[in-house]
Structure formats: structure tokens, C-alpha cells
Amino acid sequence: MPVYNEKVMEHFMNPRNVGEIENPDGIGEVGNPVCGDMMTFYIKVDDNRLSDVKFKTFGCGAAIAVSSIVSEMAMGKTLEEVRKITPALVAQELEGLPKNKYHCSNLGAQALNKAINNYLKKQGKAGESKRRRKDEKE
Amino acid sequence: MPVYNEKVMEHFMNPRNVGEIENPDGIGEVGNPVCGDMMTFYIKVDDNRLSDVKFKTFGCGAAIAVSSIVSEMAMGKTLEEVRKITPALVAQELEGLPKNKYHCSNLGAQALNKAINNYLKKQGKAGESKRRRKDEKE
Amino acid sequence: MRKVYLDHVATTPVSHEVLEAMLPYLKDAYGNPQSLHDWGDEAREAIEDARGRVASLIGAQPGEIIFTSSGTEANNFAIKGLALAQQSKGKHIVVSAIEHFSLLHSARTLEKWGFELTLVPVDRYGVVDPEGVAKSIREDTILVSVMHASSEVGTIQPIREIARLAKEAGAIFHTDAVATTGTIPVDVKELAVDALSLAGNQFYGPKGAGALWVKKGARIIPFLDGGVQEGGRRAGTENVPAIVGLGKAAELAKAEMESRTDRLLALRNRLIEGLPSRIEHVRLTGHPTQRLPGNSSFCIEFIEGEAMLMLLSSKGVAASSGSACTSKVLKASHVLTAMGIPPAIAQGSLLFSFGLDNTEEDVDYVLEVLPPIVDKLRQMSPLYSKFLKEERGGK
Amino acid sequence: MRKVYLDHVATTPVSHEVLEAMLPYLKDAYGNPQSLHDWGDEAREAIEDARGRVASLIGAQPGEIIFTSSGTEANNFAIKGLALAQQSKGKHIVVSAIEHFSLLHSARTLEKWGFELTLVPVDRYGVVDPEGVAKSIREDTILVSVMHASSEVGTIQPIREIARLAKEAGAIFHTDAVATTGTIPVDVKELAVDALSLAGNQFYGPKGAGALWVKKGARIIPFLDGGVQEGGRRAGTENVPAIVGLGKAAELAKAEMESRTDRLLALRNRLIEGLPSRIEHVRLTGHPTQRLPGNSSFCIEFIEGEAMLMLLSSKGVAASSGSACTSKVLKASHVLTAMGIPPAIAQGSLLFSFGLDNTEEDVDYVLEVLPPIVDKLRQMSPLYSKFLKEERGGK
Ligand SMILES: Cc1ncc(COP(=O)(O)O)c(C=O)c1O
Ligand SMILES: Cc1ncc(COP(=O)(O)O)c(C=O)c1O
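As the structure is a computational prediction, the values presented were derived from the model and not from experiment. (Residues numbered from 1 in each chain as written. Chains lettered and ligands numbered in written order. Predicted model: local features only at pLDDT ≥ 70, side-chain atom pairs only at ≥ 80, totals over all residues. Heavy atoms only, no water.)

Caption draft 1: Examining the site of ligand 2 more closely. Taken together, 15 residues surround ligand 2, and among them C:T237, D:T72, D:H100, D:S151 and D:D176 come closest. Neighbouring residues of ligand 2 are distributed over chains C and D. C:T237 is positioned such that a nitrogen or oxygen atom in its side chain is 2.7 Å from an oxygen atom of ligand 2. Separating an oxygen atom of ligand 2 from a backbone N or O atom of D:G71 is a distance of 3.4 Å. For ligand 2, the protein covers 94% of the area, taking 390 Å² as the surface of the free molecule. Looking at side-chain class alone, the shell around ligand 2 contains three nonpolar, eleven polar and one charged residues. (Near = heavy atom within 4 Å. Polar contact = N/O pair within 3.5 Å; in protein donor to acceptor, adjacent residues only side chain to side chain. Areas by Shrake-Rupley, 256 points an atom, 1.4 Å probe, with all protein chains shown as cover. Nonpolar A, V, L, I, M, F, W, Y, C, P; charged D, E, K, R; others polar.)

Below, the structure is given as C-alpha cells:
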């Protein structure tokens, strides 16, 4: 009786979208190694959609599988759609996780959200600075 | 690993001197069924020697083996010799008893002693009554 | 010499299918269920399988089964663990006077820890009166435990009724079903209990595996502290082969229960009916009908149990006795005593317990060899000669 | 695929000779050692034989050996039983910070029962300082317990010295020798201890049998209440086959100890020497020389243990880890933590524990498959990329 189901194992063994994005539009980092798991998500946003998602994860099999599936679930979606990726949906997409690993699915959703927040914040700033430049011109 | 050694088993399986003596010279009864074991020894005394010893025993294997060996040890001995049959000697003659059965060897020696006491008491009385009869004659 | 094992209350043999099921886990599948690799996965799967089978035997949920090393451990765990978990509500517990020592002595330990204990008496058949239990329950009673059946005298208790009364009064109810599980139907919902002990070596499983069932939601303090095995409720590396054996035994018991009962009943009744016509002054102990199918327990008057066992053994027959002399502490069975059997008679306790390996010929063999044994010992017994003299005198 | 079991700390396989010795007791010799007939005699003889063998392995008297169901039970029994027996003298106990949970949590339970507990720290190699123990001992200290060796990091403690100091200060001294007995020489007289726990499944015996040795004359309160088995000190039907297996395993361990040690040392050293040249940022945990012969434990930096185990498992290699993620309660090993290893590094815990079934090829296989696994996970690790950036930045 393996601890993880086949779907989780498949994502763990062959995680999608591992890596970093150079000059990403948003970065979200959650967890820390003291607690066991740490995930960093990088996103590229085009036209309100995630045109690229990459991650780096320090952690257990579940953390890696969650990162992989979250990256897959988010890819190509609009920001609003991505906001709806809840931990429950992640666990469901993985066809279940052991009880003591549920928190990993939280981490995945959180990291992605943080990356979006980070993007929006930069956008805001970018918007601001654009506006400022505009103002200056005027 | 049987509970009892071969010697004990042999005496238990083939106890010597089981039975009662009709008109015994002495009877000794010890123990009671509430405690587990009960032994009755019957003796016949001739010339200060046990010319016959018989017993009846209610009790465990050790009680029966002890009764048997005590009867054998006592048979033909003088009263003084019989007095020297201690529980330790009985256990030794049986080549050992389980710890929780030591008390059975006490019972055997006690019953025999009681039978002798009973004999002596009767003797005393008999002596007295003989003396009385003698006195009467005089 | 014929060899006849009639001591199935002491332990049953391990059935062939059970051993076959265990062997892989004594060989290549030696993993620890807590390990994160194939060996661990295999072992974990095996014990979860077994958990399902045990749960199914008693109508429980798998998650409610906690494996233990024995019935004794299950009883210690139940009594101490349930009482300690409830102690803020009260410190009084109620158990029957005829419980197995693993339960009774656990309750005595609780007394040392400041709990109060009430023992409920039984009638002459060994039956616990439900009203007697109800009367023993106080405001501060937190736990009641009455065994499902006594292996010694076979009497089956009206557990459902006792459990109902106990629970109406607000107490947790535990039953020691070591003597019944796998032998007669045991369903935790039907019995309406909160916790139940069982052990595999009573129904053709191996020694070394028992279980405590605790109803979902009931609180219990762990007894064996340590690792997180068994959902954190019982520490220690799981005894995988024994647990697998228990599971297989549970599966077989469930499938074959009816036919097994029929066979045991036939054997037991043959002995119970045959003995009194061959030996005088024999009493059946325990309830005449509400009794375990394989149990025939007697008191043979005027003689003592250990001596009978030894002579039976010399004829190849294995049985047991509740006499003082057969117990290491030299006390007559507390069960017989609680039933009001006089000590001298209790000394003649003799218990034949049947199993699936027995035949009618075994019964007939006992009926053949026992009378001369009884005769021989009675010829040696001062109690018997007294009885004969009195009888003759009386006539 | 090659299958390589390197998790002998979790449990060893049952050796062929041990299983052969057990089998009769899983078949025809199924008696209960308490029974008064041939089946009982046979079972009793078997466990007394085993008692002799276990006693001989540790230089003890057979009568001092109490069989238990596991190392966990032996530790629970020791700590609770010895403390409760001494409580009139005081209520303070001292144990090391790196004890196995079966010991540590038993000590925590004693705290709930009103005892006071002092944990003695260890150094970065996991060694308990004898002077540290001596300083922890107070007027009312009744019991000191320090493990003989940690199976997790392999460090062997200076027990003789610690025991001497504890006993000079008037305390009873217990050692958990589950990780050492049967693997390295353990002699209760040489160690000069008062009580010692051991378990068979650590040295090719079966699961389900351990033992507590208690020096003659030392008082202990029973842990499992019930019948009079084990001289009245441990109730419950004896697990005869498992006890026989433990006995056989003890006999074999005694006879073969030296040659076993040589083999294990060669394998372990091959790995300890080979790994750092193939993988950067690896630390050996535990003492470099005072360690169990089969133990090679590491922390692999920047990655986590469970993920390594899973990838190793996909290559057929079974190992273990003390990372938080591999523990059900999601806490990093208290042993590594007590040794002062930072949490992020403890997460990379990886333990290969060798046994008699391993070969040099097994080591070489690990040396071959582990580096790409570490690589793969480091490529995924944000900690590793940070490290690389800092390193590059630093240069
Ligand atoms: C009713 C009952 N409870 C508990 C036990 C204890 O079982 P064990 O000695 O196997 O631990 C027994 C043993 O026969 C029993 O009959
Ligand atoms: C040092 C030590 N003590 C106690 C134990 C407990 O043993 P078990 O889980 O077999 O009961 C272990 C288990 O590996 C151990 O390593």
C-alpha cells in the first residue's frame, strides 16, 4: 500500500514546469525549510493570462507533486481563474493526498496566489510609474 | 519441560501404601480441602517401629507423591527415626519439587508426626488405663 | 498413544490457512509498515488488509481497530486507557467478579491510582445480573466492563442489556470478548458496546496478536507510549506476521462460524451427556444452555483437578482445571468461587474445551479413560471415604 | 530491477535458521506454556530454552529475563515499572534528549503522573556527557536512563561510565539496548547497569518478541497486569514462536558477532568513504568512530529526505530518514535537533543501515544511483539555487 497514489507519484517522478523564469512578472514564495517545505512560483503574465508558470520546491514528495499539478492547472488560465484554484481542488486533481500531507496542497495554492499578488503589486507600481511618467510629460 | 521430575511422577503414578489401616495405632490428619490438600496417615506400631504405614490423600500430584514417599521413608523405622523426617528430607528424597509445591512436603511430614503424636497420646492413655487396671488389681 | 487436545481455552492451534498467510511476512516481506519503500508498503498493505478483516468479523469500521500483542494487552489498554481518559468525570468503575485477571488486575491497579472499584456478583450459573450492574452504578461511575463470556465456565452474559443500562447511566461500556470473538457471533452494534477486546489465539490465529476495538469518537489514553503506530494509539513496531494471521483467522471464522458451532456443540453435548452416566457426583459448572459451544466444564467431587490432569495427560488427554493446585498462586478459581461453589468442590474443577481438530472418537476416549482415573483418585481420597462412611451410616 | 534493503534499523529480515526454529511452534507445538499437559510442557521448555539463550547473549541469569512483545513494551515497562517501584524514595528521573520515543514518551507519561523529568543534552556527535548526567542527578532522583546507542545516528554512548555515576548517586540505571543487543557486545555486568531493554527484530529475530532484563533483586511494578506468566512480572499468554525465534537469534548473534561486525563495518565504511567524493555538501551525522557497525547516516544539504527516499525506492533502494516530512507528526528527528543540526539541514537526513544480506555491490549501486537523485532534487530546490547565487555572488 504505497503512501501516495499513482497520479501523485507520476507528478513527483516527472514534475512539470520545474525551473525559474528569468525576469518573471511575479514571484511567490511560501513556507520555509524549518517547517519542512518551501515553494517558489514564478509567473509570466500576458493579456491577464499566465503564459508561463515555473516553480522550485524544497520538500517532500507531496510538495513536489502539488507544485507540479498547480503549475499545470494554472498554465494559460486568466488571473481570475487561477484565483479559484483552492487547496481542495488541488488535492482533488491529484486524486487525493494522505491526511498529514494536506497542508502541501495549501502551500501550492498559496504560492501561486502570492505570485499573482506580487505581479499585481508590480503592475500597480508599474501603472503608477507609467502614470507618473505620463504626468511628467504632460 | 514437565512440571514434576521423574521420581515425583513415578510416585504419583504408582503411589505406595495407599489405603487405611483398620484399627490403627495412630491417625494423623492435616490440611483441609479448602486449602487444596488434605492428608490422612495411618500407622501401626510394633516394638517402637512403624510396622505399617498407609495414607489417603486429597490433593495435587505433589501431595500424592509426597504422601507416597513419606510412607516409604517411614516404613519400618523407629519413632525417633521417623521424627527426623523433615520436609527438606522429603523434598530431597523426591529429588526436588516446584517452588510453589514445597508446602506439600511439609504436609507429609506433619501428617506423619501427627499420627505418631496420636499414637503416643493413646499409648499414654492406654498406659494409664493399664496402670489403672493394675492398680485396681492390687 | 492417542493424543487428544481438549484445552482450546488455553490456546487453539494455528490453522493451516492462517500459517500459510503468515509465512510470506516471516520471509521476504519482512518490512516495517512505517517505512517509506516497497518493503514498508507491502507490510502496511498487509496490516490494513488484516484490519479490514477483523473489523468485518465484529461489524466495525477498520479505523476503529487497534492491534495489540494479546488479549491481556487489549484489556489492560481498555481499562486503564478508558478510565484515565474519563477521570475528570469521575473515578468509579464497575466490573464483574468473574473477569479475567488481565481485566480484574488492571482494575486493581486503577484502585492504586485512586479509582474506586465495585465488583458485581454473579449467580450460581455465573450470570451477571443486569440489574445488579445498574445498582452498582453511581453518579461518578465512568466505566463498566463485563466479559462477553467466561472461557472457564462458558457462561455467556446478557451483554446487550448490561451495556444498555450502563450507557443509560452515563458510563462507557467495555466488554472482554476474548473468549467469544471468532467463536460465536460478535457484533459491536448489536451488543451496543463502546469498546471490545479480542485475541487471535482463541480462534486459530497465532499467539502475539489481539485487538482492542474502540468506538469512533470514544477517547482513550494510549497504554504503550512511543511511536505513531496504530494512529498514535498504540506504539511499537507492528507484529506484521501475527496481525496478518489474526486477519486470516477472522476471515475464516466469519465464513465458517455456523458450521464450526454445530460441530463443537455436538462434541460438547456428547461429553456433557455422557459423563454423568459414567461418573457419579459430577456437576456441570456454568450455564446449562447459555454457554460457549466448545465448553464443557465440571466439578468432579472428592478429588482434585491437578491430579486428574496428570492422569489424563498420562493417557494423552490435555485438559485444564480451575483448582487451587493448578494455579501458581494456589487459589481456587475466582470464577468458581464467585459462583458460590464450595472450595472443596471447586478443587475438583475439570474443563474440557473442544476445537475444530476434535472428533466424536475423542469424546468417547475421554468417556473411556476418565472414569478409571476418577476411581483411582477417589480410592485415595479421604474425603471420598468419609462420604462413603456417612452415606452408609445414613442408610 | 535490483532491490537493495538498507533499512535494517526499521527491522531486519528473519534469518532462515530463526524461522526454522519457530515453525514447529506455529504448527504442532502450539501449547500454552501455562498448561499442565504435554503441549504445555513442550511450550514451557521452549521458552525456558530461549530465556537461557537470551541471558547468555547479555551475560545475565535466565531468571532475570522478562519477555515482552517489543522493544517499545520493554521501554514502557522499564521506565514506568522502575519509577513506580521507587517512588517512595523520590520522583525525579533523568533521561537523555535523544532517547527513542518509546522511552521518552513513557517518561512524559510519568510527568503527567507527578514525576519530574530532566533531559540531558548531547554534543554535536550525539554523545551524552557523563558529567552532564551526574549534574542532573538530585537528591530525589530515582532513575536514570540513557540508550546504549541511537539507531538513527549510530552513536554509541559511554554507558559504563554513565551507569557508574548514576549508581554512585543512588539512582537505578536503565539502558535501552534495542539498537545494540545482538549487534555489538552487550554484557550487563560489564556495562554495570540495573536494567536493559532489547528486541529481536533488530538482529534477525522475528517481530513480536523483546525482553527486559532486570537485575536480580531490583524491584519493578508490572506493566501488563493479569496472569502469573514470567514469574508474575508480565502477564499474557507467551508468544511462544516469537520467543523461540528471539532465542535462536540470540544464539546466532553470540556465535557470529565478530564476523558480522567485520562485514558490516566494511560495507558501512565503503559508503561513508565513497559518498562525499560523489556528492558535495554531505555531512556524516553521529560519531565518526564510536558508532554502530551497520550505520551510515548523513544529511544531504538543500534537499529533503522523503523525496530522496521516494526516488531511491524507484531505483529499488530502501533507506530511511529523520526528516520532518517522513515523520507522521511532521517534526524533524529530535535526535538530529538535539545534536544542534539546523532544521533545514536536518530535513536532508538520509540513513542507510546495513545488514547481513548486503554486499559491496549494494554499496556501489547506491553510490551510482544516489548522485543523480540528489542532482535532480537540487535542480528543483530553491535553497540550492539561492546557495549557488550566493556562492557566485561571494566569489
Ligand atoms: C476472557 C479472556 N480474557 C482475556 C484473556 C487473556 O488472553 P491472553 O492470555 O492471550 O493475553 C483470556 C485468555 O484466555 C480470556 O479467556
Ligand atoms: C533504540 C530503540 N529503542 C526502542 C525501539 C522500539 O522498538 P519497537 O518499535 O520494535 O518496539 C527502537 C526501534 O527501532 C529503537 O531503535
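So, next bit.
Caption draft 2: Molecular detail of the interface of chain C and chain D. With 61 residues of chain C at the contact, the number on the chain D side is 61 residues. For the pair chain C and chain D, the two sides together bury roughly 4800 Å², of which 61% comes from carbon and sulfur. The largest per-residue losses of area from chain C upon contact with chain D belong to C:Y30, C:K207 and C:D225, which jointly make up 15% of the total buried on that side. There are four salt bridges connecting chain C and chain D. D:K80 is the partner of C:D225 in a salt bridge, and the nearest nitrogen-oxygen pair spans 2.7 Å. Along the contact surface separating chain C from chain D lie 24 residue pairs in polar contact (both at pLDDT 80 or more). At the level of elements, β1 (4-5), α1 (16-26), α2 (38-57), α3 (71-86), α4 (101-112), α8 (240-278) and α9 (305-314) of chain C are the ones that each hand at least two residues to the side of chain C that touches chain D. Residue composition of the side of chain C that touches chain D, grouped by class: 24 nonpolar, 24 polar and 13 charged. (Contact = heavy atoms within 4.5 Å. Buried area = accessible area lost by both parts, 1.4 Å probe. Salt bridge = Lys/Arg side-chain N within 4 Å of Asp/Glu carboxyl O. Helix = DSSP H or I, 4+ residues; strand = E, 2+ residues; numbered from the N terminus.)

Caption draft 3: Representation of the arrangement of the chains. For this structure, the chain pair with the highest number of contacts among five pairs of chains in contact is chains C and D. The two partners chain A and chain B share no contact, and the minimum distance between any of their C-alpha atoms is 43 Å.

Caption draft 4: Structural view of the interface of chain C and chain B. Taken together, the contact between chain C and chain B spans 25 residues of the former and 25 residues of the latter. On the chain C side of the contact with chain B, C:M310, C:M380 and C:P382 bury the most area, a combined 29% of that side's loss. Where B:K101 meets C:E306, a salt bridge forms, and the shortest distance between an N and an O atom there is 2.9 Å. Scanning the region where chain C abuts chain B turns up eleven residue pairs in polar contact (both at pLDDT 80 or more). Counting only elements with at least two residues in the side of chain C that touches chain B, the list comes to α9, α11 (343-346), α12 (360-380) and α13 (382-394) of chain C. The residue makeup of the side of chain C that touches chain B, split by class, is 13 nonpolar, six polar and six charged.

Caption draft 5: Region of interest: the side chain of C:S150. All names here are of chain C. Looking at where S150 falls in the secondary structure, it is placed in the loop between β5 (141-145) and α6 (159-168). Here E152 takes part through its backbone nitrogen, which lies 3.0 Å from a polar atom of the side chain of S150. Apart from residues lying up to four places away in sequence, S150 is in contact with I98, T155, A179, L292 and V335.

Caption draft 6: Representation of the packing of aromatic side chains. Scanning the entire structure with this criterion turns up 18 aromatic pairs over all chains. Look at C:Y5 and D:Y30: their rings are 4.8 Å apart centre to centre, the planes differ by 85 degrees, and that puts the pair in the edge-to-face class. On the criterion of chain membership, the pair formed by C:Y5 in strand β1 and D:Y30 in the loop between α1 (16-26) and α2 (38-57) is interchain, its members lying in two chains. Of the two residues, C:Y5 and D:Y30, neither departs from the other in class, the shared state being buried. Feature note: the residues C:Y5, D:Y30 and D:W39 constitute an aromatic cluster, connected by ring pairs. (Phe/Tyr/Trp six-rings, centres within 6.5 Å; stacked < 30°, edge-to-face > 60°. Buried < 20%, exposed > 50% of the residue type's maximum accessible area, 1.4 Å probe, protein only.)

Caption draft 7: Focus on the site of ligand 1. The local shell around ligand 1 holds 15 residues, among which C:T72, C:H100, C:S151, C:D176 and D:T237 are the closest. Ligand 1 sits at a junction of chains, with neighbouring residues supplied by chains C and D. C:S151 places a polar side-chain atom, nitrogen or oxygen, 3.0 Å from an oxygen atom of ligand 1. Between a nitrogen atom of ligand 1 and a side-chain N or O atom of C:D176, the distance comes to 2.6 Å. The fraction of the free accessible surface of ligand 1 (390 Å²) that becomes covered by protein chains is 94%. Partitioned by chemical class, the residues of the shell around ligand 1 number three nonpolar, eleven polar and one charged.

Just distances and angles here, no functional claims.
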